[in-house]
Amino acid sequence: MNAITIPKNKIGDSRLAERLGRETQGEVLFSAPDRGRYSTDASIYQIEPIGVLVPKTAADVEAAMAICREEGIPILARGGGTSQCGQTVNRALVLDCSKYLRRVISVEGDTARVEPGITLGALNEAIKGTKQFFPVDPSTWQRCTIGGMAGNNSCGGKSIRYGLMADNVRAIDAILADGSRHIFGEGAPNTDLVARLYALGEREAAEIAEKFPHQLRRVGGYNLDALTPDARANGRGNLSRLLVGSEGTLAFSAALDLKLWPIKPRKVVGICQFPTFRRAMEASRHLVTLDPEAVELVDRTMIDLGRSIPIYRATIDQMVIGEPDSLLIVEFHGHEDGPLLQQLDRLEEMMGDLGLPGQVVRAVEGGFQAAIAEVREAGLNIMMSMKGDGKPVSFIEDCAVGLDDLADYTERLNQVFTDYGTKGTWYAHASVGCLHVRPVLNMKDGEDVRKMREIAEKCFDLVREYKGSHSGEHGDGIVRSEFNEPMFGSKIARAFEAVKDAFDPAALLNPGRVVRPPKMDDRTLFRYAPEYHADPAIKPVLDWSAWPGPQGGLLSAVEMCNNNGTCRKFDANVMCPSYRVTRDEQHLTRGRANTLRLALTGQLGPDALASEQVGEAMSLCVSCKGCKRECPTGVDMAKMKIEHLAARNAKHGIPLKDRLVAALPTLARYARFAPWLANIRDSVPLLQKLSERFLGLSAKRSLPRFRRDVFRDVEARSDGWKGEVILFGDTFNRYFEPENLRAAVRVLAASGYRVTAPKAEGRPLCCGRTYLAAGMVDQARAEARRTLAALAQSDAPVLGLEPSCLMTLRDEFASLLPGEAAEALSKRAFLVTEFLEAKDALPALNRVAATAHIHGHCHQKAFGAFPAAVKALKRVPGMEVKPIQSSCCGMAGAFGYDAKNYDTSVAMAELSLLPAVRAAAAGDVIVADGTSCRHQIQDLAGREAIHSIRLLDRAL
């Protein structure tokens, strides 16, 4: 029987959880935090499920459905949980298919059979050897699941070329609510159900022809047009089309047969600049005549928001000419460069004909194209990066109209926004008249909720006037289901209900979606319900004033997580290392943010911030800072974790192990006098076992070796002609690897700089990182105050070697001691290679014939400093530099030394880092600028890794 956490006040739910534990092999999640984490998707809604089952097989799904059928419990199938309209939240048993049900079952010719939980990105990676791909490409392709895409009838930027999900699913192996299993595809099963469906299609054929919008982007309601005699006669009667777009209300998709397309290996992109939004809209219908793969809009608001996010700033600047109001990104794909470049030429000619000569940025280089795609795909999240309670809200987001009407429709809708004192942010699929637009509203304000409904009604009136579709990509869910009857008419609405009743007469499958829905503005279903409020007892220990709102801004910072799930993708630079190992929602940046939000608003009970429930969610957060950079809304979970640790310490005291780790800078000072004694633990197996039993330090780990020949600040001396730099000697390099700091002195001196040490009284300066990692904020603040005072004596650049320590000066100091001093230090604190590359200051280097495999420290990547280390090494003549494509090494400071984290730490390293190290030739050099990274590589791969500064020193 599986381990189950059962809420004590839910007798019926307890029985359900017990049965699921006995009768399935899946993971049964019924605790309050688990249910809370699954109560939201990327919409404005929050509905706590009855519980969660993470099935391991389709047999688990069948068993769970049988149990729910007997118990009268609704069922909700869920993939990535990124839905915009609320179709993946419900008062039901949630089946999370994304962890285990993710196999490619088979590939035969141009058909792939897959399980529903596989992501689009993983699918295309798995089948790329066949030189085919699945072309439906929503912006969430790295983390959206195929089952979810089918449920939503997803589209993406290339729908003008490849159509929608319904056009690319050949068959669905479906489990119905009654437990029967059927294949819905070209050859319909000979059942009473199918006969009833065909009879309905024949009866309503004329109404369907009249009332269904003639738009490519029509995903509202059920695809009844697949049931008509005409559809069956012209090859569009595949019954899988009826299930696609049904949002899990008709059946569970146990497997899907997908149509694959040949890969077009070459691509060029033209970025067209427009002085006004209307001119961009008017141009769309002309640009599509050039036969592009996609035409995507980026408006002025998104340009400005993108520039405000460090990871996108350089790309945006490269994309624009001057200060355009709107961009249209036009893609051409093919097999040869020549014809594609000619298409770009024709694009430029057409822009000239439209009165905009010289207004095309050409993107023909793969790196630039990938950066553009990243900005486009992050569009929804970029729009949500606004701070404060007012946010762009998704409720009329993907209405679609004909291209001839697009300019007039968007102009009139903008006027509606103006009438209500707001504005909309626009982007996305100009090629098919489906533009994502989100009016800026505050969903905590009842007046703005009223505005939302009135704006929706006026928008849908406009859509019907232009014979468009009110749901062009994101489905119905809660936000649009109630508008299906005005959109399609009462006869079609009754036909939708007849289909639902034929498949699911007891309404067990995702009830209240598509048919018989609640009101879209029912605030009891909102994430920010009327009773939503910050717990006034919570006082943050760090500065969160950059986010307006209660709790000093802490709650607003947590609410920046919009649940869009960027942290779920596996091709990110760093984020989220623990999720990559566990695939558990609890160990995901989004899952942690939701847990914190519930705790900060009293939804997990009193003192929840200090609770074990929050502690469990935070337990595998390695404070990598990847989310701070890679999350488009900048959710800084590492900083938020400090708030939990501080609250835990205040209520329960500080564990001994945390005290020892925090005191490492002090202990190291004294250990240098008798390093043999400090290092004896690793030589005596009994001491290793005792350290694990009493301190929690894994007996499988060696500890850093204390040294007698520590680096002393007096060694940071050299003459130079380019000015002064201050070398900040961190604890780890000072006491454990002093040769790195000595190499830094030589490299800086050879680069022409006068090297000095900080002018500190008594013991060396410390960034306080170890105290922060233990939640000992007062002690960290004291170290920050002492360091700030010492470094304020000069305005010279402050340079360091250890990324986590140096970046503490640049980042956390401002949260510990907000003010001008911390702000000034953040602007002059650099890693050594980062500084030398920015100044182009490295001297001529000698030839070093070697191959260097370089792994980036998480903080190095999170603050954009890793490319500088790579560039610096590439300046060494004869050296081949190969960056390792890896996330966190898994050691992460003290994390990997903790016995309870050992297996997770190893698993993180095994994802990509260790295989790359083992694949390196024996004579190759392994480079890692993080102390923990070097230790992990030595411990688990038996290879010495060195700091990049040592290689540069070798080349002097």
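Please refer to the structure placed before this passage.
Residues numbered from 1 in each chain as written. Predicted model: local features only at pLDDT ≥ 70, side-chain atom pairs only at ≥ 80, totals over all residues. Heavy atoms only, no water.

Before going further, it helps to spend a moment on the overall build of the protein chain. Within the protein chain, the regular secondary structure consists of 45 helices and 26 strands. Seen along its three principal axes, the alpha-carbon backbone of the protein chain occupies a region of about 90 × 70 × 55 Å. At a minimum sequence separation of 6, the contacts of the protein chain that also span at least 24 residues come to 73%. Carbon together with sulfur atoms contributes 51% to the accessible area of the protein chain, which is approximately 34400 Å² in total. Across the protein chain, the 120 positively charged side chains and the 118 negatively charged ones have centroids separated by 6 Å. (Helix = DSSP H or I, 4+ residues; strand = E, 2+ residues; numbered from the N terminus. Contact = heavy atoms within 4.5 Å. Areas by Shrake-Rupley, 256 points an atom, 1.4 Å probe, with all protein chains shown as cover. Lys, Arg positive; Asp, Glu negative; His and termini not counted. Charge placed at Lys NZ, Arg CZ, Asp CG, Glu CD.)

For the rest of this paragraph, the subject is the nonpolar core. Grouped burial of nonpolar side chains is what soluble globular proteins tend to show. Residues Ile146, Leu224 and Ile396 are the most contacted members of the largest nonpolar core, which totals 184 residues. The biggest single contributor to this core is helix α18 (residues 446-465), with eight residues. In this structure, Ile396 is in contact with Leu413, Phe417, Val437, Pro439, Ile455, Ala456, Cys459, Phe460 and Arg480, ignoring residues within four places of it in sequence. The next biggest cluster of nonpolar side chains, apart from the first, holds 40 residues, and it includes Leu799, Phe835, Ala850 and Ile949. (Core = buried A, V, L, I, M, F, W, Y, C linked by side-chain atoms within 4.5 Å. Buried < 20%, exposed > 50% of the residue type's maximum accessible area, 1.4 Å probe, protein only.)

We now examine helix α21 (residues 490-503). Look at α21: 20 Å from first C-alpha to last across 14 residues, which is about the 20 Å you get at 1.5 Å a residue. Taken as a whole, α21 has its buried residues at Ile492, Ala493, Ala495, Phe496, Glu497, Val499, Lys500, Ala502 and Phe503. Against the buried residues of α21 lie β9 (181-184), α7 (192-203), α8 (205-211), α10 (240-243) and α20 (484-488). (Expected span 1.5 Å × (residues − 1).)

Our focus in this paragraph is unusual backbone geometry. Cis geometry is adopted by the peptide bond preceding Cys576, which originates at Met575 and carries an omega value of -10°. Assignment of secondary structure puts Cys576 in the loop between α22 (554-559) and α23 (577-582). Residue Gln551 is not a glycine yet carries a positive backbone phi of 55°. Position of Gln551 among the secondary structure elements: in the loop between α21 and α22. By relative accessible area, Gln551 is classed as buried at 9%. Despite not being glycine, Asp607 has its phi angle at roughly 55°, a positive value. Under the relative-accessibility criterion, Asp607 is labelled partly exposed at 46%.

Pairing in this open sheet of four strands is parallel, and the strands run β24-β23-β25-β26 from one edge to the other. Edge positions in the sheet fall to β24 (879-883) and β26 (945-946), since each of these pairs with one other strand and no more. One ladder, built from five bridges, connects strand β23 (residues 850-855) with β24; its direction is parallel. The residue bridging Ala852 from the neighbouring strand is Val881, located in β24. Along the sheet, helix α41 (residues 866-874) makes contact with β23, β24 and β25 (925-928), crossing β24 at roughly 160°. Relative to the sheet, helix α44 (residues 931-941) contacts β23, β25 and β26, its axis offset from that of β25 by approximately 145°. (Pairing = 2+ DSSP bridges. Axes fitted to C-alpha atoms, helices over the stretch in contact; angles between N-to-C directions.)

With that out of the way, let us pick up the side chain of Arg19. Mapped onto the fold, Arg19 is located in helix α1 (residues 11-23). Assessed through its relative accessible area of 13%, Arg19 is described here as buried. In contact with Arg19, other than residues within four places in its own chain, are Thr24, Ile67, Glu70 and Glu71.

Okay, the environment of Arg346 next. Checked against the element boundaries, Arg346 lands in helix α14 (residues 337-353). Spatially, the C-alpha atom of Arg346 lies 48 Å from that of Ala593, the residues being 247 residues apart in sequence.

Relative to the helices and strands, Glu293 resides in the loop between α11 (277-287) and β13 (294-299). One polar contact links Glu293 to Arg161, side chain to side chain, over a distance of 3.2 Å. Side chain to side chain, Glu293 and Tyr162 meet in a polar contact 3.0 Å long. (Polar contact = N/O pair within 3.5 Å; in protein donor to acceptor, adjacent residues only side chain to side chain.)

Turning our eyes to something else, we now look at empty space enclosed by the protein. Evaluated as defined, the whole model comprises ten cavities of 30 Å³ or more. In this structure, the largest cavity occupies an estimated 630 Å³ of space. Among the secondary structure elements, those contributing two or more residues to the lining of the largest cavity are β3 (75-78), α5 (146-152), β10 (252-259) and β17 (424-429). Broken down by element, the lining of the largest cavity gets its largest block of residues, six residues, from α5. Across the lining of the largest cavity, the residue classes tally to 16 nonpolar, 24 polar and five charged. (1 Å grid on protein atoms, 1.4 Å probe; cavity = no way out; pocket = protein on both sides within 12 Å on 5 of 7 lines; lining within 4 Å. Points joined across faces, edges and corners; volume = space filled by probe spheres on them. Nonpolar A, V, L, I, M, F, W, Y, C, P; charged D, E, K, R; others polar.)

This part takes up the sheet that holds strand β20 (residues 754-756). On the basis of which strands lie adjacent, the open sheet formed by four strands has the order β20-β19-β21-β22 and parallel pairing. The sheet terminates laterally at β20 and β22 (829-831), the two strands that pair on one side only. Across the sheet, the axes of successive neighbouring strands diverge by a mean angle of 35°, strand direction being ignored.

Here the focus is a nonpolar patch on the surface. Taken together, the side chains of Trp676, Leu677, Ile680, Leu686, Leu687, Leu690 and Phe694 present a nonpolar region at the surface, about 710 Å² in accessible area. Counting only elements with at least two residues in the nonpolar patch, the list comes to α30 (675-678) and α31 (685-695). The leading source of residues in the nonpolar patch is α31, at four residues. Position of Leu687 among the secondary structure elements: in helix α31. (Patch = residues over 30% accessible without salt bridge, like charges linked within 9 Å, V, L, I, M, F, W, Y side chains within 5 Å. Salt bridge = Lys/Arg side-chain N within 4 Å of Asp/Glu carboxyl O.)

Under the 1.5 Å per step criterion, the end-to-end length of α7 is 16 Å for twelve residues, consistent within 8% with the ideal 16 Å. Three or more residues of α7 are buried, namely Leu193, Val194, Leu197, Tyr198, Leu200 and Gly201. Mapping the buried residues of α7 onto a view down its axis gives an arc of 155°, with all of them on the same face. Projecting away from the buried face of α7 at angles above 90 degrees are the exposed residues Asp192, Glu202 and Arg203. Buried-residue contacts for α7 involve β9, α8, α9 (229-233), α10 and α21. (Arc of directions from axis to C-beta.)

Following both chains from N to C, one finds helix α13 (residues 310-319) and helix α15 (residues 366-377) inclined at 115°, their axes separated by 10 Å at the closest point. Put simply, α13 runs roughly perpendicular to α15. When the axes of α13 and α15 are compared, the crossing they make is left-handed. Contacts between α13 and α15 involve Ile311, Tyr312, Thr315, Ile316, Gln318 and Met319 from the former and Phe368, Ala371, Ile372, Glu374 and Val375 from the latter. (Parallel < 35°, antiparallel > 145°, perpendicular 65-115°, else oblique. Left-handed = near helix turned anticlockwise from the far one by under 90°.)

Going through the model one piece at a time under the given rule, you end up with 18 aromatic pairs. Taken together, Phe212, Tyr222, Phe488 and Phe496 form an aromatic cluster joined through their ring pairs. Sitting above the plane of the Trp547 ring, Lys387 keeps its charged end 4.5 Å from the centroid. Just above the ring of Phe866 sits the side chain of Lys861; from NZ or CZ to the centre is 5.8 Å. (Phe/Tyr/Trp six-rings, centres within 6.5 Å; stacked < 30°, edge-to-face > 60°. Lys NZ or Arg CZ within 6 Å of the ring centre and 35° of its normal.)

The subject of this paragraph is the environment of Gly424. Looking at the secondary structure, you find Gly424 in strand β17. Gly424 sits in the buried class, given a relative accessible area of 10%. Along the backbone, Gly424 and Glu397 are 27 residues apart, and their C-alpha atoms lie at a distance of 9.8 Å. Residues within four places of Gly424 in sequence aside, it is in contact with Asp299, Phe417, Val437, Arg438 and Pro439.

Another aspect to go through is the pattern of salt bridges. Applying the stated criterion across every chain yields a total of 83 salt bridges. With its nearest N and O atoms 2.6 Å apart, the salt bridge here joins Glu715 to Arg742. Of this pair, Glu715 sits in the loop between α31 and β19 (724-727) while Arg742 sits in helix α33 (residues 738-750); the two residues are 27 residues apart in sequence, bridging distant segments of the chain. With relative accessibility at 24%, the residue Glu715 sits in the partly exposed group. Through salt bridges with shared partners, one network takes in Lys625, Lys628, Asp636, Arg769, Asp811 and Glu812.

In protein chemistry, a disulfide is the covalent bond that joins the sulfur atoms of two cysteines. Counting across every chain of the model gives zero disulfides. Not part of a disulfide, Cys97 finds its nearest cysteine sulfur in Cys68, a span of 13 Å. Free cysteine Cys459: the closest other cysteine sulfur is in Cys399, separated by 3.8 Å. Accessibility expressed as a relative area gives 0% for Cys459, which makes it buried. (Disulfide = S-S within 2.5 Å.)

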